[in-house]
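# Survey of secondary and tertiary structure
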Amino acid sequence: MAASSPGARVLERPELGRLLEILKGRGYTVVGPTVREGAIVYDAISTIEELPAGWTDEQGPGTYRLKKRDDPALFGYVVGPHSWKKFLFPPEMRLFSARRTGASFRIEPPEGPPPRYAFLGVRACELAAIAVQDRVFMGGDRVDPTYQSRREGAFLIAVNCGQAGGTCFCVSMKTGPRARSGFDLVLTEILEEGRHEFVIESGSPEGSEVLAALGGREAAAPDHARVDRAEARAAGQMGREMETEGIRELLYRNLEHPRWDAVAARCLACANCTMACPTCFCSTVEDTSDLSGEHAERWRKWDSCFTMDFSYLHGGSLRSSTKARYRQWMTHKLGTWFDQFGTSGCVGCGRCITWCPVGIDLTEEARAIRASDEGQHHGKGH
Ligand code: SF4
Ligand code: SF4
């Protein structure tokens, strides 16, 4: 499908640098991909020189390695351990402080105005993950004010994937590899026939204003064709596949499948998968007080369904075995999430597979359960 934006433009690398200046001028803190300690992570950047030029990532179950590319691509990697959720839903956040005032307490609200982020390099699966978290944090009666203030102030610059990684399965989850909506601007990096250019399109009124302030030339039919080729290349390279047909019912009728014991024998209950997942949203609340009794604080921190404490009710933990915790995680992602939010909790980014220290792969687990679906066998017997 040809790029839809009639006002699409084509930038060269220096003009992309100007994009950062324009965003900073509009009051945004630009956050983008950058190399730190052997991984491509998301952090505040001031110039495009901080982008991971010439780097790519090789990923597999429990494996992540940076490698040099033979071209100067700025977005020639897939996704790393970080997701944008750490900026919209901070891993640790003070909810309030309480200070003693004589016989009473004064409650002090958290720090000042929320940051205004411009996210540079949001992949299609990550846009889908942000949309999932939008529903979780803002879609019901109870809106999370921290998430809402950060999310509503954010400017999203998507990047279409020109290649896929070894653990990607966004095509199966219908979330990528091309960004279709939910962004302010979308870039496609073109490295073909000696060109190094970026086709840039707008997806919002503010995106159009920023686009108008950039230089570049108007995109022509061959530029749109290059964007289409990049999409087709990435779609053809998916490292993984997930059969989603009836997956919720498949899991519901296999809650006692022997595969849960097999995966529990490998799972360390380390919670890495939930920390790396861009849609997981569980948190806990901790209160602290100083020794003088003058000052107390309440913090919200990321938590995980893999911790014993997370399902603790009076008398013990509801999910005391690793089997129960893995099953809870996977059936939530691929099953009960639909009941709760009307969508899958998995967008196919592959992070939980790459960052699992023992290489547990939910696509493989789902496939194994489907292959010996107990409900199906019973059905056949009738
Ligand atoms: S469950 Fe795994 S593949 Fe799915 S969105 Fe979370 S980290 Fe990505
Ligand atoms: S599935 Fe892997 S990453 Fe998740 S808790 Fe188990 S060992 Fe850790």
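Residues numbered from 1 in each chain as written. Chains lettered and ligands numbered in written order. Predicted model: local features only at pLDDT ≥ 70, side-chain atom pairs only at ≥ 80, totals over all residues. Heavy atoms only, no water.

### Quick look at the overall build of the protein
For the protein, the helix and strand inventory stands at 14 helices and 16 strands. A compact globule built from 382 residues would reach a C-alpha radius of gyration of about 21 Å, and the protein, at 23 Å, matches this within 12%. For the C-alpha atoms alone, the extent of the protein along its principal axes is close to 75 × 65 × 40 Å. For the protein, the proportion of its 382 residues judged to be buried stands at 51%. Sequence separation of at least 24 residues holds for 72% of the intrachain contacts in the protein that already meet a minimum separation of 6. With an accessible surface of roughly 17,200 Å², the protein has 52% of that area assigned to carbon and sulfur atoms. Between the mean site of the 47 positive side-chain charges and the mean site of the 50 negative ones, the protein shows a separation of 2 Å. (Helix = DSSP H or I, 4+ residues; strand = E, 2+ residues; numbered from the N terminus. Rg over C-alpha atoms; globule rule 2.2 N^0.38 Å. Buried < 20%, exposed > 50% of the residue type's maximum accessible area, 1.4 Å probe, protein only. Contact = heavy atoms within 4.5 Å. Areas by Shrake-Rupley, 256 points an atom, 1.4 Å probe, with all protein chains shown as cover. Lys, Arg positive; Asp, Glu negative; His and termini not counted. Charge placed at Lys NZ, Arg CZ, Asp CG, Glu CD.)

### A look at the pairing of strand β13 (residues 283–289)
Taken together, the seven bridges between β13 and strand β14 (residues 295–302) define a ladder with antiparallel strand orientation. In the strand pairing of β14, S283 is matched with W302. Counting the residues in the hairpin turn of β13 and β14 gives five residues, including G293, whose phi is positive at 80°. (Pairing = 2+ DSSP bridges.)

### Concerning the domain arrangement of the protein
In terms of domains, the protein is made up of domain 1 (9–236) and domain 2 (247–378). In this structure, domain 1 and domain 2 have C-alpha centres spaced 26 Å apart. Each partner contributes to the interface: domain 1 provides 43 residues, whereas domain 2 provides 38 residues. Where domain 1 abuts domain 2, roughly 3,500 Å² becomes buried across the two surfaces, and 60% of that area is made up of carbon and sulfur atoms. The largest per-residue losses of area from domain 1 upon contact with domain 2 belong to K85, F89 and F169, which jointly make up 16% of the total buried on that side. Inspection of the domain 1/domain 2 interface yields four salt bridges. Note that E126 is salt-bridged to R351, the shortest N-O span being 2.5 Å. Remark: the boundary between domain 1 and domain 2 carries 30 residue pairs in polar contact (both at pLDDT 80 or more). Contributions of two or more residues to the side of domain 1 that touches domain 2 are made by β4 (55–60), β5 (63–68), α2 (85–88), β6 (92–101), α3 (124–138) and α5 (170–173). (Domains from an automatic or database assignment. Buried area = accessible area lost by both parts, 1.4 Å probe. Salt bridge = Lys/Arg side-chain N within 4 Å of Asp/Glu carboxyl O. Polar contact = N/O pair within 3.5 Å; in protein donor to acceptor, adjacent residues only side chain to side chain.)

### Points about the pattern of salt bridges
Summed over the entire model, instances satisfying the criterion amount to 37 salt bridges. R100 is the salt-bridge partner of E294, the closest N and O atoms lying 3.8 Å from each other. Pair noted here: E294 is in the loop between β13 and β14 and R100 is in strand β6, with a separation of 194 residues, a long-range link. Judged by its relative accessible area of 36%, E294 falls in the partly exposed class.

### As for the environment of E201
Within the secondary structure layout, E201 lies in strand β11 (residues 197–202). The exposure class assigned to E201 is buried, which follows from its relative accessible area of 6%. On a C-alpha basis, the gap between E201 and F183 in space is 9.8 Å, while along the polypeptide they are 18 residues apart.

### Observations regarding the sheet that holds strand β12 (residues 217–218)
Strands sit in the order β3-β2-β8-β9-β10-β11-β1-β12 across an open sheet of eight strands; the sheet is mixed. Each edge of the open sheet carries a strand with a single partner, namely β3 (39–44) and β12. Sheet topology note: the strand β8 (residues 117–122)/strand β9 (residues 155–159) ladder contains four bridges and is parallel. Among the inter-strand pairings, V122 is bridged to a residue of β9, identified as A158.

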